[in-house]
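Results of the structural survey
One-letter residues, chain by chain:
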Amino acid sequence: MFISMLKQAFQMNRNPLPWPKAINAGICSSLPIMIGVIAGNLSYGLLAGIGSFTYLYVANIPYVQRAKKLFLVAITMSLSVGLGTLLAPHPLATAIVVGIIGFVATFVFGALQIKGPASIFFLLGFTMATGMPIDPSLAPLRAGLVLTGGAFAWLLSMAGWLLDPHGPETNAVQKVYRELAVLIQAAGTDRWVEVRQKLVNTLRSAEETLIAGKTPWGSGEHFRRLILLNDQANAIFVYLLEHFEGRKVKLPLELAAIVQSISDSLPEKKKQELLIWDSHLDENEVVQILIDKVNEAIAILNEPFVVVNREGDFSRPSLFRVFGGAFDKNSIVFLTAARFGVVLMIADLVAYSFEFNRSYWITLSCAAVMSGSTIIATFHRALQRSLGTIVGIMIAAIVLSARPEGFVIAIIVFFLTALTELSIVVNYGIAAFFITPNALLLAESMSHFYDLAFFASTRVIDVIIGCGIGLIGTALIGRRKASSLIPHFIAKTIRSQQQYLFTLFSEHRSGVDVIDSSERRKMQTILRI
């Protein structure tokens, strides 16, 4: 059984390698160190390098959302290091704040459904600060240096806005039409169900991306055109479901090619005028209506926006409603965040109670293990973290045995960070090969501690203890809570759907905004938590 779980934990994912993100992340991590070397103060450069972890929260999201997200991440990273410096002399207060950081970050990322490392790098900054030479008076300086590194990461992450301000939104709608073309090809075949489900997920993702890209000061023509094209894609998809679901009717391959050409023409730099497909080769009226709907999408793409004479609209729930819905004793988001915070607090107290050297590695390992979304995923993460860290420590020992200094440290950090970003999409355990030596290099370079045998054995023990606490905490706290709540949430969802359908089809609904009705908002909240 262990061998089977080991194979599952180290199964390689076939995802495209994010080369641009990896290179940019390497630049973010190494450049502050280089500047510190040039300025004659390596430790300042290493502190700014902690702030550069802000770039690791970059995702393919609209620049409007990216700017706000990374700004808050940079501020939080800075505050984490500042708080860690202030509270380093007080172990109990440190443990409490570790739990609070873990809870708040996990809750916010879960409630807003943000993908990314969540609390792990905030905890890294806070706990590394507690392991630095104790001097609370240095809190503003350390926090400021970290914020400087975070500001540089923010600037680099936003550089693409100058060339293509709506690139992420365009990519999202492109993917919708690409999957729509595949669905048309799959009509009447056994691939229909699989492709249909994939398109549903793509449509949902595109809608979320477009909502996130909307600005309060108005949007340009290209963005509004993307909204209309996404609406039209939804209309085409609904029509396909109504008339071709479960039927052995194949559609013209030329139609799939036309839909694919819409996807190819969406980027502003590649935009070309497509011809309306005037096809009456098929006398089937149902197919002809589908062709007309595709032609409507071509018209939206081709025509000047004033001629289109349509407006797309969507609403998003307020932050107050999102957090209010998630802050509920039955919310999976709340329960997961609470468990995360409590177990982290326990791990930190254990580490301090037994006076482990640089005890924060126990807390970080515990946090990494509990990042698994399920019990099995937590066991997988424990295996990945343990074995990956052991290999990473071996790499770190080799690197540190050469006692690197100055620009050599910056170059090594560049490659380790880039390799982390490339391998994280393949397997977390492989990424741990590079995460561990990277963090150790930053920490040990600031302390100038090179007793390799001592630090290697200590780190391995720390990781094993941290993983053990994370596994025990996950198993004991809320082990069956999520599954036991499923009937409760299903019942609440069905009741909300009934109320919404009653409002939607009621004869007395005049004057009621069904799009922004309380029943619809309640259903959205339940589905999010």
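The structure presented is a predicted model; accordingly, all values stated were derived computationally and were not measured. Counting restarts for each chain: residues are numbered from 1 in the order of the written sequence. In keeping with the model being predicted, local features are shown solely for residues with a pLDDT of at least 70 and side-chain atom pairs are shown and tallied solely at 80 or more, while totals for entire chains, interfaces and linings include all residues. Side-chain numbers here rest on the full set of heavy atoms in the structure, without hydrogens or water.

1. Some details on the overall build of the protein chain
Put simply, DSSP H or I for four residues or longer makes a helix, DSSP E for two residues or longer makes a strand, and each gets a number counted from the N terminus. Secondary structure summary: the protein chain contains 22 helices and zero strands in total. Any residue under 20% of the maximum accessible area for its type is buried, any over 50% is exposed, and the rest in between are partly exposed; the area is computed with a 1.4 Å probe on protein chains only. Across the 529 residues of the protein chain, 49% fall into the buried class. Note on contacts: a residue pair qualifies if any of its non-hydrogen atoms lie within 4.5 Å across the two residues. Contacts in the protein chain between residues at least 24 apart in sequence constitute 79% of all its contacts with a sequence separation of at least 6. The Shrake-Rupley method, run with a 1.4 Å probe sphere, supplies the accessible areas, and residue values consider only the shown protein chains as cover. Counting every atom, the protein chain has about 25800 Å² of accessible surface; 64% of that belongs to carbon and sulfur.

2. A few points about the packing of aromatic side chains
Working definition: rings of Phe, Tyr and Trp (its six-membered ring) pair if their centres are within 6.5 Å, and the pair is stacked with planes under 30 degrees apart, edge-to-face with planes over 60 apart, and tilted otherwise. A complete count under the given rule lists nine aromatic pairs for this structure. The interplanar angle of 70° and the centroid separation of 6.1 Å between the aromatic rings of Y57 and F121 together place this pair among those described as edge-to-face. Of this pair, Y57 sits in the loop between α3 (42–51) and α4 (63–87) while F121 sits in helix α6 (residues 120–131), and the two are 64 residues apart along the sequence. What makes Y57 buried here is its relative accessible area of 1%. With a relative accessible area of 14%, F121 lands in the buried category. By the ring-pair criterion, three or more aromatic residues cluster together here, those being F53, Y57, F109, F121 and F122.

3. Focus on unusual backbone geometry
Although it is not a glycine, Q113 adopts a positive phi angle of roughly 55°. Among the secondary structure elements, Q113 is positioned in the loop between α5 (91–111) and α6. Note on Q113: relative accessible area 34%, which makes it partly exposed. The phi torsion at A118 lies on the positive side, around 55°, for a residue other than glycine. Of note, A118 is situated in the loop between α5 and α6. On the basis of relative accessibility, which here comes to 17%, the residue A118 falls in the buried class.

4. Concerning helix α7 (residues 139–157)
Taking 1.5 Å per residue, 19 residues should reach 27 Å; α7 reaches 27 Å between its end C-alpha atoms and fits that length. All of the buried residues along α7 are A139, R142, A143, L145, V146, G149, G150, A153 and S157. For α7, the buried positions fall inside an angular range of 160° around the axis, keeping them on one side. Exposed residues lying more than 90 degrees from the buried face of α7 are P140 and L155. On its buried face, α7 sits against α2 (19–38), α3, α4 and α6. Here, expected helix span is obtained from the residue count minus one, scaled by 1.5 Å. The arc in question is formed by the directions pointing from the helix axis toward the C-beta atoms.

5. A short note on helix α8 (residues 167–186)
Its 20 residues place the ends of α8 29 Å apart at the C-alpha level, agreeing with the 28 Å of an ideal helix rising 1.5 Å per residue. Of all the 20 residues making up α8, 15 are buried; the element is thus mostly covered by neighbouring parts of the structure. Backbone geometry just downstream of α8 places G188 in the positive-phi region, at approximately 80°.

6. Description of the pattern of salt bridges
A pair is scored as a salt bridge if a Lys or Arg side-chain nitrogen falls within 4 Å of a carboxyl oxygen belonging to Asp or Glu. Applying the stated criterion across every chain, the model contains six salt bridges. Between R204 and E208 there is a salt bridge whose closest N-O contact spans 3.5 Å. Within this pair, R204 and its partner E208 are both found in helix α9 (residues 192–213), separated by four residues, close to a single helical turn. For R204, a relative accessible area of 51% gives the class exposed. The exposure class assigned to E208 is partly exposed, which follows from its relative accessible area of 42%.

7. Some remarks on the packing of α2 against α7
Only the contacting stretch of a helix is used when fitting its axis, a line to C-alpha atoms as for every element, and angles between N-to-C directions run 0 to 180 degrees. Two elements in contact, α2 and α7, have axes separated by 10 Å at closest approach and are oriented at 155°. Taken together, the axis directions place α2 and α7 in an arrangement best described as roughly antiparallel. Considering how the two elements wind past one another, α2 and α7 form a crossing that is right-handed. The segment α2 lies against α7, with N24, I27, C28 and L31 engaging F152, A153 and L156. Residue type decides the class: Asp, Glu, Lys and Arg count as charged, Ala, Val, Leu, Ile, Met, Phe, Trp, Tyr, Cys and Pro as nonpolar, and the leftover types, Gly among them, as polar. For the contact of α2 with α7, the residue count by class is six nonpolar, one polar and no charged. By definition in this entry, angles of less than 35 degrees are roughly parallel, angles greater than 145 are roughly antiparallel, angles of 65 to 115 are roughly perpendicular, and the rest are oblique. If you view the pair so one helix is near and one far, a crossing is left-handed when the near helix is turned anticlockwise from the far one by less than a right angle, and right-handed when it is turned clockwise.

8. What to know about the environment of A74
For A74, the position within the fold is in helix α4. For A74, a relative accessible area of 5% translates into the label buried. A sequence separation of 17 residues divides A74 from Y57, and the C-alpha atoms of the two residues are 9.9 Å apart. Discounting chain neighbours no more than four positions away, the residues touching A74 are T54, L147 and G150.

9. Here we look at the confidence of the model for the protein chain
What pLDDT reports is the predictor's confidence in each residue, on a scale of 0 through 100. For the protein chain, the mean per-residue pLDDT works out to 82, and 81% of the residues sit at or above 70. Within the protein chain, the lowest mean pLDDT, 50, falls on helix α13 (residues 305–308), and the highest, 96, falls on α7.

10. Re the state of the cysteines
Note on disulfides: each one is a pair of cysteine sulfur atoms within 2.5 Å. Inspection of the entire model under this criterion finds zero disulfides. In this model C366 remains outside any disulfide bridge; the closest cysteine sulfur is found in C467, 8.5 Å from its own. Judged by its relative accessible area of 4%, C467 falls in the buried class.

11. Structural notes on the nonpolar core
For our purposes a nonpolar core is just a set of buried Ala, Val, Leu, Ile, Met, Phe, Trp, Tyr and Cys residues, chained together by side-chain atoms within 4.5 Å. Counting 64 residues, the largest nonpolar core has I50, F53, M77, F122, L123, M128 and L344 as its most contacted members. For this core, the leading source of residues is helix α19 (residues 428–447), giving nine residues. Here F53 is in contact with M77, F121, L124 and L442, once residues within four sequence places are set aside. In terms of nonpolar packing, the next biggest core, distinct from the first, is built from 42 residues, A181, W192, V259 and L301 among them.

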